[in-house]
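The lines below spell out each chain.
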Amino acid sequence: GPRVINRIKAEHMHDSIDRTEFKHAALDREPVGNAAIRNGAKAAALNREPVINAAIRNGAKAAALNREPGSNAAIRNGAKAAALNREPIDREPVNLKPEELSFEAAAVQAELAGFAVEHLDDSGAENVGYAALPEIEQWNRAPVAAFVSLAEEANVVNRPAAAAKKLVNEDAATTTTTQAPTHSADAARANAASFVDFIRNIDRVHHLGLRLRVCMPADGIGPEVIGAGVEVLKALSDASGGFKLHFEDYDWSSETYKKLGKYIPDGGLESLKKHDAILFGAVGAPDVPDHISLWGLRLAICQPLQQYANVRPTKILKGTESPLRKAKTGDLDWVIVRENSEGEYAGQGGRSHRGLPWETATEVSIFTRHCVERLIRFAFEIAQKRPKKHITVVTKSNAQRNGMVMWDEVAADVAKEFPDVHVDKMLVDAMTCRMVLQPNSLDTIVATNLHADILSDLAAALAGSIGIAPTSNLDPTRQNPSMFEPIHGSAFDITGKGVANPVGTFWTAAEMMRWLGEEQAADRLMRCVETVCGNGILTRDLGGTAGTKEVTDAVCAEIRRSYGVAKGNT
Ligand SMILES: NC(=O)C1=CN([C@@H]2O[C@H](COP(=O)(O)OP(=O)(O)OC[C@H]3O[C@@H](n4cnc5c(N)ncnc54)[C@H](O)[C@@H]3O)[C@@H](O)[C@H]2O)C=CC1
Ligand SMILES: CC(=O)C(=O)O
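Here, residues in each chain are numbered from 1, in the same order as that chain's written sequence. Here every chain gets a letter starting at A, and every ligand a number starting at 1, in the order they are written. Local features are withheld for residues below a pLDDT of 70 in this predicted model, meaning they are given only at 70 or higher, and side-chain atom pairs are given and counted only at 80 or more; totals for whole chains, interfaces and linings count all residues. The side-chain quantities take in all heavy atoms of the structure and omit both hydrogens and water.

Please explain the sheet that holds strand S11 (residues 470-474) as it appears in this structure.
The strands making up a sheet are joined through hydrogen bonds of the backbone, oriented either antiparallel or parallel. Pairs of strands are assigned from DSSP output, requiring at least two bridges between the strands. Helix and strand definitions follow DSSP, with helices as H or I runs of at least four residues and strands as E runs of at least two, each counted in order from the N terminus. On the basis of which strands lie adjacent, the open sheet formed by 10 strands has the order S2-S1-S3-S12-S11-S4-S5-S10-S8-S9 and mixed pairing. Either end of the sheet is taken by a strand with one partner, and the two such strands are strand S2 (247-249) and strand S9 (422-427). Pairwise comparison of adjacent strand axes, ignoring direction, gives a mean angle of 20° for this sheet. Here strand S5 (residues 333-339) pairs with strand S10 (residues 444-447) via 4 bridges, running parallel. The residue bridging Ile336 from the neighbouring strand is Ile445, located in S10. The strands that helix H11 (residues 222-240) touches are strand S1 (213-218), S2, strand S3 (277-282) and strand S12 (482-486); relative to S3, the one it contacts most, it runs at about 140°. Those strands touched by helix H17 (residues 428-437) are S5, strand S8 (390-395), S9 and S10, and its axis lies near 110° from that of S9. The convention used is that axes are lines fitted to C-alpha atoms, helices contributing only their stretch in contact, and that angles between N-to-C directions extend from 0 to 180 degrees. Every residue pair with non-hydrogen atoms within 4.5 Å of one another is taken to be in contact.

In structure tokens:
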């Protein structure tokens, strides 16, 4: 059949050019191979060569082995070409050792995966993969459906998983005829298992190589610290050679508000959604009321993008001191998980009789079981992954007798799903004392939007300074980009003086990298930051004399040193 013919054609036509070169590149993990793969696939795509399959398979394999962002282009191009050519794809079963499975399976699944990469893009509707969608035979969906169920079983929560689910749901809604799959359910399942591996890789590659991040410094010291953060990320990217950075600059800020009357231009949120992550500075200007700026920009992003989990780690970094006399590095190492979508920041309330002596204002807190439960479960998952496996649920359920009592009840229910996590609960007032007096007794902390906002500033100060701590505003479903920002505000009192501590932004950048799958780079960045702190290069808030630039330069130099890149060599 055509499959065999294609295969033979591939063997003959591409043997000396693509296959050998690609295979060597893949096996040697040679970075130079990637250009060949990209070029090969591109050329093949442009020529609409029927023998593209070999290129796709090899490109996918190399991409998986090299974890190289650029190779994704090969898969995309190859798959696009395959889609355009409506080429049958080699679907022979593979007999491989488990460690080879994901790569070879990736190859076998390249068409599907490439198609998925195209399709799972949020702009998928515009691309060829999507255009080819109606042409993809029914049975090709079986792996996608099985992927969805496996992803759910394995708790894989990423954009492809979410989008594949959407695809399957759409399918269920639009498919009128049920065509019997030509593959057995077991085969589909086996395919899907490797597809899970592959899609994990793709997701990572996809994030790091192809998608853009938003850089939104906004107000006050925002541009100073975000500038420093981007510089450090660039040093990391250059020195490691392992990932590429693509930032798109967004100038949304109080300045644009003063000019245009709005922080977010029309269609702004939709444009944000095309990105993987947002690196945000801070919003707030002396001549704009704080509630206008906060609601105009930060909350106007977090809430519609369903960044419902606000995660704020804090610790005493090496080389820094806590104002707590007895607390040393290691004694205070917390993650505060803050509800970020409702509660006291739900925006419900109003004012009547303005300016009159009987003026009335309400600020209504909203607590829904759905939002409380998803947040508490997310916090338990974080606690479970940390060595202490300990969580403290903070409320004020003595005075606030409705919403807070529901929090306690939901927490007790969710706790049953995590028998290995030790749980305790605190009233928020007593919690402040415990944070100061027994920092070592805490680990993961979960609390409402307002309570956790306050506790996390206290936490940062107890660890040394508000200038060190990061914030991740996460959409754990990964349907929307998450937003990463230092915990501090725009700090009018030190704006433009060159003294802002950039460490909170460096840690924020590390958290962003971690969320995007670059754990090793994140860990390295944090090690470099702590080395620099340990060398006494500290800003004034930490008791030092260095400025923003000095700390930034020192961290960049330390990154290069850690990778063995000669000074001034990048
Ligand atoms: N996520 C955001 O966009 C946030 C915005 N804000 C806004 O920022 C503005 C200022 O708010 P504030 O209450 O003064 O809080 P802030 O965090 O801006 O400043 C509090 C104090 O900490 C110091 N500080 C903050 N960051 C520092 C850094 N990186 N290095 C050294 N010192 C640092 C400041 O100099 C100031 O003395 C307001 O408009 C507020 O609404 C406040 C908090 C968060
Ligand atoms: C404004 C502020 O501190 C926050 O919502 O994080």
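From this point, the narrative continues.
In this structure, what is going on with the site of ligand 2? I would like to understand it.
In the vicinity of ligand 2, the residues found are Leu294, Arg298, Arg312, Arg338, Tyr345 and Asp453. Here an oxygen atom of ligand 2 and a side-chain polar atom of Arg298 are 3.2 Å apart. Here an oxygen atom of ligand 2 sits 2.9 Å away from a polar atom, N or O, in the side chain of Arg338. Note on areas: Shrake-Rupley with a 1.4 Å probe; residue coverage comes only from the protein chains shown. Expressed as a share of its isolated accessible area of 220 Å², the protein-covered part of ligand 2 is 73%. Under the scheme applied, nonpolar residues are Ala, Val, Leu, Ile, Met, Phe, Trp, Tyr, Cys and Pro; charged residues are Asp, Glu, Lys and Arg; polar residues are all the others, including Gly. Residue classes in the shell around ligand 2 are distributed as 2 nonpolar, no polar and 4 charged. We define proximity as follows: a residue is near a molecule or strand when any one of its heavy atoms falls within 4 Å of that partner. Any pair of nitrogen or oxygen atoms within 3.5 Å is treated as a polar contact; in protein, a donor-acceptor pairing is required on top of that, and neighbouring residues in sequence qualify only through side-chain atoms on both sides.

What am I meant to see in the site of ligand 1 here?
Around ligand 1 lies a shell of 20 residues, among which Asp290, Gly489, Ala491, Asp493 and Asn501 are the nearest. Between ligand 1 and Asp493 there is a distance of 2.8 Å, counted from an oxygen atom to a side-chain nitrogen or oxygen. Calculation on ligand 1 without its partners gives an accessible area of 800 Å², and the protein chains cover 73% of this total. Looking at the shell around ligand 1 residue by residue, the class counts come to 9 nonpolar, 6 polar and 5 charged.

How should I be thinking about the environment of Lys549 in this particular structure?
Along the chain, the position of Lys549 falls in helix H21 (residues 548-562). Within the local environment of Lys549, its side chain forms a polar contact with the side chain of Asp553, the two groups lying 2.7 Å apart.

Where do I start with the nonpolar core in this structure?
For soluble globular proteins, the rule of thumb is that nonpolar side chains tend to be buried together. Among the nonpolar cores identified, the biggest contains 92 residues, and Ile376, Val446, Leu525, Val555 and Ile559 are the most heavily contacted of them. To define a nonpolar core, start from buried Ala, Val, Leu, Ile, Met, Phe, Trp, Tyr and Cys residues and group those joined through side-chain atoms within 4.5 Å. Each residue's exposure class comes from its accessible area (1.4 Å probe, protein chains only) as a fraction of the maximum for that residue type: buried when under 20%, exposed when over 50%, partly exposed otherwise. Within the second largest apolar cluster, 18 residues are counted, among which are Trp252, Val288, Leu297 and Cys302.

What is the right way to look at helix H14 (residues 290-302) in this model?
Every α-helix carries 3.6 residues per turn, so stepping three or four residues along brings you back to the same face. Remark: the principal bend of H14, roughly 35°, maps to Gly296. Among all positions of H14, only Ser293, Leu297, Arg298, Leu299, Ile301 and Cys302 are buried. The seven residues ending at a residue and the seven starting there each receive a fitted axis; the angle between those axes is the bend at that residue.

Is there a simple way to explain the side chain of Ser341 in this structure?
Mapped onto the elements, Ser341 comes out in the loop between S5 and strand S6 (343-352). Polar side-chain contacts of Ser341 include one of 2.6 Å to the side chain of Glu339. Of the polar contacts made by the side chain of Ser341, one reaches the side chain of Arg374; its length is 3.2 Å. Contacts of Ser341, omitting those with residues within four sequence positions, involve Gln303, Tyr308, Cys371, Arg374 and Asn449.

Explain the pattern of salt bridges here, please?
A side chain of one charge can pair with a side chain of the opposite charge when the charged atoms of the two come close. Only one rule defines a salt bridge in this text: a Lys or Arg side-chain nitrogen within 4 Å of an Asp or Glu carboxyl oxygen. Per the stated rule, a full pass over the model turns up 23 salt bridges. Glu270 is the salt-bridge partner of Lys273, the closest N and O atoms lying 3.2 Å from each other. Look at the salt bridges and you will find they share partners, linking Glu255, Lys258 and Asp287 into a network.

I keep staring at the environment of Tyr308 and nothing clicks. Help me out?
Secondary-structure assignment places Tyr308 in the loop between H14 and strand S4 (309-315). For the pair Tyr308 and Pro476, spaced 168 residues apart in sequence, the C-alpha to C-alpha distance is 7.7 Å. Discounting chain neighbours no more than four positions away, the residues touching Tyr308 are Arg338, Glu339, Asn340, Ser341, Arg374, Leu375, Leu474 and Pro476.

Explanation requested: H17 in the structure shown.
Within the sequence span of H17, burial applies to Val428, Met431, Arg434 and Met435. Along H17, the residues classed as buried sweep out an arc of 100° about the axis, all on the same side. Of the surrounding elements, those touching the buried residues of H17 are S5, S8, S9, S10 and helix H18 (449-463). Working definition: the arc comes from the directions between the helix axis and the C-beta atoms, pointing outward to the latter.

I would appreciate a short explanation of the packing of H11 against H21 in the present structure.
A pair of packed helices can be characterised by two numbers: the angle between their axes and the separation between those axes. Axis separation between H11 and H21 bottoms out at 9 Å; the angle between their running directions is 10°. If you check the angle between H11 and H21, you find them roughly parallel. Crossing of H11 against H21: the hand is right-handed. Contacts between H11 and H21 involve Glu224, Ala228, Glu231, Val232, Ala235, Leu236 and Ala239 from the first element and Thr548, Thr552, Asp553, Val555, Cys556, Ile559 and Arg560 from the second. What sets the label is the angle itself: under 35 degrees gives roughly parallel, over 145 gives roughly antiparallel, 65 to 115 gives roughly perpendicular, and the rest give oblique. Here a crossing is called left-handed whenever its near helix is offset anticlockwise from the far helix by less than a right angle, and right-handed whenever the offset is clockwise.

Quick question: what am I supposed to make of the packing of aromatic side chains here?
Each aromatic ring pair is characterised by the separation of its centres together with the angle its planes make. Any two rings among Phe, Tyr and Trp, with Trp reduced to its six-membered ring, count as a pair given centres within 6.5 Å; such a pair is stacked if its planes are under 30 degrees apart, edge-to-face if over 60, and tilted if neither. This model, assessed by the stated rule, comprises 3 aromatic pairs. A ring pair is formed by Tyr250 and Trp252, whose centres lie 4.9 Å apart and whose planes are at 70°; its orientation type is edge-to-face. Taken as a pair, Tyr250 and Trp252 share a single burial class, namely buried. Centre to centre, the rings of Phe380 and Phe418 are 5.2 Å apart; their planes meet at 35°, and the pair counts as tilted. With Phe380 in helix H15 (residues 369-385) and Phe418 in the loop between helix H16 (403-415) and S9, the pair connects residues that are 38 residues apart, well separated along the chain. Comparing Phe380 with Phe418 shows no difference in burial state: the two are buried. A positively charged side chain is recorded as over a ring if its NZ (Lys) or CZ (Arg) lies within 6 Å of the ring centre. The angle to the ring normal must also be within 35 degrees. Lying across the ring of Tyr345, Arg338 places its NZ or CZ 5.0 Å from the centre. Above the face of the Trp515 ring, Arg478 is positioned so that its terminal group lies 3.7 Å from the ring centre.

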